[in-house]
Amino acid sequence: MPGPLTDPRGTAAGDTPTRRGTEAALLGFAVLITVVAQAIVDLTVTGSIRPEMAGFSAWIAALWVVAHLVVRKWASYADPLLLPAVALLVGLGLTVIHRLDLAAEQVGSSVTREDAPVQLVWATLGVALFVGLLVTVRDHRALSRFAYTLALLGIVLLALPAVLPASMSEVNGAKIWIRVAGFSIQPGEFAKLCLIVFFAAYLEDKRDVLALASRKVAGLELPRGRDLGPVLLAWVLSILVLVFERDLGSSLLLFGIFVVMLYIATERASWLFIGLGLFAGGALVAYQVFGHVRARVDTWLDPFAYVDGAGYQLVQSLFGLGTGGLFGAGLGGGRPDQVPVAKSDFIASAVGEELGLFGLVAVIVVYLVLVERGLRTSLVVRDPFGKLLAAGLAFAIAWQVFVVLGGVTGLLPLTGLTTPFLAYGGSSLVANFVLVALLVRISDAARRPAAPHAAPVRLGDAPTEVVMP
Amino acid sequence: MNAPLRRVAISVLVLFTLLIVNVNIIQVVRADKLREDDRNTRVLAEEYDRERGSIVVAGNEIAVSVPTEDQLEYLRTYPQGPLYAAVTGYYSLVYGNTALEEAENDVLAGEDSRLFVRRIADLFTGRDPAGGDIVLTLDPAVQQAAMDGLSGVTGAVVALDPSTGAILGMASTPTYDPAQLSSHDPAAIRAYMDQITAGDGPDPRVNRAIGDNYPPGSLFKVIVSAAALKEGYKPDTVVPAPDILTLPQTSTQLRNFNNSRCSGSQEQPLIDALTISCNTAFAQLGIDLGEDKVRAMAEAFGLDDEGMEIPLPVVDSHVGDIESDAALGQTSIGQRDVRMTVLQAALVAATVANDGKQMKPYLVDQVLAPDLSVIDETDPEELREPISAEIADQLTQMMISVVARGSGKAARIQGMDVAGKTGTAQVREGVRDHNWFMGFAPADDPKIAVAVFVANGGGTGGDTSAPIARKVMQAYFEGQGG
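Bear in mind that the values here come from a model prediction, so they are computed numbers and not experimental data.

**Quick notes on the overall build of chain A**
Tallying secondary structure elements over chain A gives 16 helices and six strands in all. Residues counted as buried form 52% of the 469 residues belonging to chain A. Here the analysis covers contacts within chain A between residues at least 6 apart in sequence; of these, 70% occur between residues at least 24 apart.

**Some points on the overall build of chain B**
A tally of helices and strands in chain B yields 18 helices and 19 strands. For chain B, the proportion of its 482 residues judged to be buried stands at 55%. In chain B, once contacts between residues fewer than 6 apart in sequence are set aside, the share between residues at least 24 apart is 70%.

**Here's the deal with the packing of helix α8 (residues 187-210) of chain A against helix α16 (residues 426-447) of chain A**
All names here are of chain A. Relative orientation of the contacting elements α8 and α16 amounts to 20°, with a least axis distance of 8 Å. Taken together, the axis directions place α8 and α16 in an arrangement best described as roughly parallel. Between α8 and α16 lies a crossing of right-handed hand. On the side of α8, the interface is formed by Glu189, Phe190, Lys192 and Leu193, while α16 contributes Ser427, Ser428, Ala431, Val434 and Leu435. Considering only residue class, the contact of α8 with α16 consists of five nonpolar, two polar and two charged.

**Details of the interface of chain A and chain B**
Across the contact, 41 residues belong to chain A and 30 residues belong to chain B. Put simply, the parts of the chain that give the side of chain A that touches chain B at least two residues each are α10 (248-266), α13 (312-324), α14 (347-380) and α15 (384-408) of chain A. Looking at the side of chain A that touches chain B residue by residue, the classes come out as 25 nonpolar, 12 polar and four charged.

**A look at the sheet that holds strand β17 (residues 419-425) of chain B**
Residue and element names in this part refer to chain B. Read from one edge of the open sheet, five strands run β8-β7-β19-β18-β17, paired in antiparallel fashion. Strand pairing shows two members of the sheet lacking a second neighbour, β8 (167-173) and β17, which therefore form its edges. Averaged over all adjacent pairs, the angle separating strand axes in this sheet is 5°, with direction ignored. Pairing of strand β18 (residues 434-441) with strand β19 (residues 448-454), which is carried by seven bridges, proceeds in the antiparallel orientation.

**A few points about the pairing of strand β3 (residues 74-77) of chain B**
Residue and element names in this part refer to chain B. Of the two faces of β3, only one is covered, namely that formed by Tyr74 and Arg76; the face formed by Leu75 and Thr77 stays uncovered. Sheet topology note: the strand β2 (residues 60-67)/β3 ladder contains four bridges and is antiparallel. The residue of β3 that forms the bridge with serine 65 is arginine 76.

**Let's talk about the packing of helix α6 (residues 147-163) of chain A against α8 of chain A**
Residue and element names in this part refer to chain A. Two numbers describe how α6 lies on α8: the axes approach to 8 Å, and their chain directions differ by 150°. Accordingly, the angle class assigned to the pair α6 and α8 is roughly antiparallel. Helix-helix and strand crossings are classified by hand; for α6 and α8 the assignment is left-handed. Judged by residue contacts, Ala147, Leu150, Ala151, Leu153, Gly154, Leu157, Leu158, Leu160 and Pro161 of α6 engage Pro187, Gly188, Phe190, Ala191, Cys194, Leu195, Val197, Phe198, Ala201 and Tyr202 from α8. Across the contact of α6 with α8, the residue classes tally to 17 nonpolar, two polar and no charged.

**Quick word on the sheet that holds strand β15 (residues 374-377) of chain B**
All names here are of chain B. Pairing is mixed across the open sheet formed by six strands, whose spatial order is β3-β2-β1-β6-β14-β15. Among the strands making up the open sheet, the edge pair consists of β3 and β15. This sheet shows a mean twist of 25° between the axes of neighbouring strands, independent of strand direction. Relative to strand β14 (residues 364-368), strand β6 (residues 133-136) runs antiparallel, the two being bridged by four bridges. Bridge assignment links valine 135 to a residue of β14, and that residue is glutamine 366.

**Quick word on the environment of alanine 234 of chain A**
Residue and element names in this part refer to chain A. With respect to the helices and strands, the residue alanine 234 is situated in helix α9 (residues 229-245). Sequence separation between alanine 234 and phenylalanine 255 is 21 residues; the distance between their C-alpha atoms is 6.3 Å. If we skip the residues at most four places from it in the chain, alanine 234 touches Phe255 and Phe258.

**Focus: unusual backbone geometry**
All names here are of chain B. In this model, threonine 173 is joined to proline 174 through a cis peptide bond whose omega is -5°. Relative to the helices and strands, proline 174 is located in the loop between β8 and α9 (178-181). Cis geometry marks the peptide bond from alanine 441 to proline 442, where omega comes out at -15°. In this structure, proline 442 sits in the loop between β18 and β19. Even without being a glycine, asparagine 259 presents a positive backbone phi close to 60°. Structurally, the position occupied by asparagine 259 is in the loop between β11 (253-255) and β12 (267-269). According to the C-beta neighbour criterion, asparagine 259 is exposed, with 8 such atoms within 10 Å.

**Focus on the environment of serine 182 of chain B**
Residue and element names in this part refer to chain B. On the secondary structure map, serine 182 appears in the loop between α9 and α10 (186-196). Taking C-alpha positions, serine 182 is 6.1 Å from arginine 76, a pair spaced 106 residues apart along the chain. Excluding anything up to four places from it in sequence, serine 182 contacts Arg76, Tyr90, Tyr91 and Ser92.

**Quick word on helix α13 (residues 279-289) of chain B**
Residues and elements named next belong to chain B. Taken across its 11 residues, α13 has 10 buried, putting it largely inside the fold. Looking at α13, one finds that the buried residues are Asn279, Thr280, Ala281, Phe282, Ala283, Gln284, Leu285, Gly286, Ile287 and Leu289. Positioned one or two residues after α13, glycine 290 has a phi angle of 95°, which is positive.

About the cut-offs
Residues numbered from 1 in each chain as written. Chains lettered and ligands numbered in written order. Predicted model: local features only at pLDDT ≥ 70, side-chain atom pairs only at ≥ 80, totals over all residues. Helix = DSSP H or I, 4+ residues; strand = E, 2+ residues; numbered from the N terminus. Buried ≥ 20, exposed ≤ 12 C-beta atoms within 10 Å, placed from the backbone. Contact = placed C-beta atoms within 7 Å. Axes fitted to C-alpha atoms, helices over the stretch in contact; angles between N-to-C directions. Parallel < 35°, antiparallel > 145°, perpendicular 65-115°, else oblique. Left-handed = near helix turned anticlockwise from the far one by under 90°. Nonpolar A, V, L, I, M, F, W, Y, C, P; charged D, E, K, R; others polar. Pairing = 2+ DSSP bridges.

See below:
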C-alpha cells in the first residue's frame, strides 16, 4: 500500500512531517514478513501451502490497511513505528500459533481445534477497538474525566474472578478468568488499562502533594507519612490479587507500574525505594506463606531438580532454546510443541527454538522499539496526564515483556503473564490493541504542531483544567 | 517529569539488555549442553523422523525401523528379541543408544561422511535422507547356539573366524529385549528398565564378552606355555610338578585343583602339565622364566593393549602388577591381577589357530547405502604376531591333548580334532569359581575359535564351559553344511 511520503496537511502545516508514508512502508514490510513466514511454516510442515493462505493474507493486509487509514485520518501525526511494531509482533504470533496448530495435528492430538484462526478473529476485534478508540477519543485528556469511573471498573474487573466460583474462573490454578458460555476472558488485562488511566489522572492531580518531602534520610528525601496511603493501597491491592487469584504476574505488574508512575510524577526516587521495600517485604511473606509462590521460586532456582514436575515446562523451554541455538531450527523445523502451553505463556521459547537467537533477539528489539517510542511520546507530549499515561502504558509493555521473557528464559520465576501481541489469548491481544491505540492517540498529540492548523480540541463540556500549550 | 522519564527509558534498556544477555547465555554458551542433555528428546525426535538403517545378519534384519502411525514416524524393532541384544544394544527415547546403535549411529542415522554424496543427491531428488545399513559378520547358528548354551547362567561367548578376525558369535547373559527399551512409550520403557535392573543380580545391560574383564585362571597357562616354547622348551620337556609349591619368600602353599597330584614323580612333560592343567608346574615354570618373559608374551597376545574397538569399545585386558616371584607364580596360573575379556580369550585361541598371527576382530562386514549398494567393506587386518608358526603348531598339539585326554574332554567333537584349554578361576573366598573354555576346531585347519565364560558357574571350565563351546562349534559346522 504505497502512500505519499508526507501528508499534504503536514507539509502545509509547516516543517513537521506526519511520517505516514514511513508507517505505510513498514506496515507493508510487516505484512510481507507475516505472509512469507506463514508460507514457510506450511511448506516445511506439510509440504504445501494451505488453500486458506490467500484469504489469510488478504485479511491480515486488510487489517493493517484499515488501521493505517484510520491513523492517517484521525491521528495523522502519530508515531510511525508503533503500529508497524505491533503488526510485526501480531503477524509473528499468528505464524507461531499456526505452526503449533500444525504440530498438534501431526501428533494426532485429541484437541483438533485450530487456534490461529481464532487469534485472527481476536486480532480483528483488536483492530476494531483500535479504530473505535481513535475515532471516538480525539483527545486523550478527555479520559482523565472518567478516571474514578475507570478505577472502579478496573477494581471490579480485577476482583471479579476472585468472587466467582472456581468453575467459572480457575484455569491451571490461577483464578483470573471469567468463563461464560464457551468464552473465557481475562479481565485483568482490561483492569490493567483502566488502572493505568486512573493512576495517570490521580497522580497528575496529587503529584505536588506526593512530592512534598518531610525529612531527609541518607540523602533520600522521604515523603510525609500520611502520603504513604496511595502506595500502600496499591500494594494491598496487589497482595489481594496474589492471595485470592494466585496471580503472581498481575500482582507484580500492577504494583510495578504504579510505583514507576509515582516516581515519574513526583520525581522522587524515594518512592522507588519505598516501593522496592514493600515489594521485598511482600515477596518474602508470600514466599513463606504461599506454597504456589514458593514452588515457583524453587523451580526457578533449579528447574532441572524438578524436571519431572513443576520444572518440566521451563526445562523443555530451555531445551528448545538451546536446540535452536544461533539460527534456530527454522520455522516448522523444531519441536516447540514439546513445551506445554507453547502458544500462550511460552510462545517466546517457540520463537527462540525455530528462529534462533537472532529471531528471539529481534523480537526483543521490536518490543524495545515499541516501548522506547512510547516513552519518547511521553517525553514529548506536553500535558502531565498524557505524559503519565503514555509512560504508564509504555512501561506496562516493558515490564510485562521483561517479566514474561525473563520467566520463559529462566532469568526470573515464572509468573503466568502473557507475551503482549505475540501470545495466544483474546483478552490480552484485544487489551493490548487498546493500549497501543492510546499510545498512538497521545503520540499524535505529542507530534502535532501547536499551530492554528491543529484541529480545535473538542471536549464536549468545557474542561475546568487549563490545557498547557 | 522528563528527568525520571529518561531514567525509566534507560532502565528499560538495561532490563532488555539483561534479557538479551540471558538469551545469549542459553542459546550460545549453554546451547550444546542443553542440546545434548539426555532428557532433551528433540534431537532424537528428529532422528525418529528418518528411516534409520538396519542392522543385518546373514540377510536378515535384526534391527529395523518400521513406519508408525504415531508422532515419531519410525519405530525401532528387533525381530529376534534378545538374541542379538549384546551386539545391537537399544535405541531408546529415554536411555539413548547403546552398543552398535551408538557406535554405528552415524551410518544408521544417515550422517556418515561415506553417505554424504548420496545425501546431496537426496536434496535434489527430494527424498527423505535415510540411513545406511550395517551388515554384521555374525553367524546366526553360532549366535543361537551361544545363547542357548548360556541359558540359565551368567556369562558370555565369543566366536571368531581365526583367519580373518570376523566375529561369528557374541553372546552375553543375562540379556533383555531391546525392543522394549526402544518403544515410543517412555513409561513402558522406564518400567521395563526398572524390571530388568531390579535387585542386585547381574546387570543385563553389560555385554560380558567385551564390557568387563575377569581372572582367566588356567587359560593363562597357554600364554606361559608360549613363553616357555619361545625360550626353547619343547612340549616333551620335563618340568617340575610338585604336589605343593611353597611360593618364594612366603609361606603360601600353592596346590593343585582339589589338592590332586600332577605326577607321582613330582615332574612331568610340559604337554602333560597343560593337559591336566597342573598349577604347581606352571607356577614354577613362570617363576623360572621370569616376569619379563611372561609379561612380554602376554602383551604380545594383546594384554595391556588399550582402546580396542570392534567397533564397540572393548574393556582392556591386563597382566597386572607382579611385585614378587610369589605374585609371578600366581599370575602364571591366571590368578592374582591378571584379567581378560572373553573376547581376549577368544583372540588367544584364534591366534594359536592362525599360525601365530592375530587378526583384528571386527563385527561390521559391510556398510550399505540406502539403495543397498556396498559403500564400505572391512578388510581383514593382521594386528600382531606373538608367536611363530612353529610354536603355534606345538601349542596346538598341546591343546589338542587337553581336549583329547585332559580337562577339556567335554569339548570333543566326533570326527575332528578340537584344540582347547579350560580355566577355573578363583574369584575370592566364599564366591563360586568362574568357568572358562577357549579353543578352536578343526585343529588341523581351524575355521572357528571360541571362548566361553560362565561367571561363578561353580563347576570347572571342563564340565561347565567346554560343553557350551562344543555346541557352538558344532552349530557352526552344521550351519556350513558340514
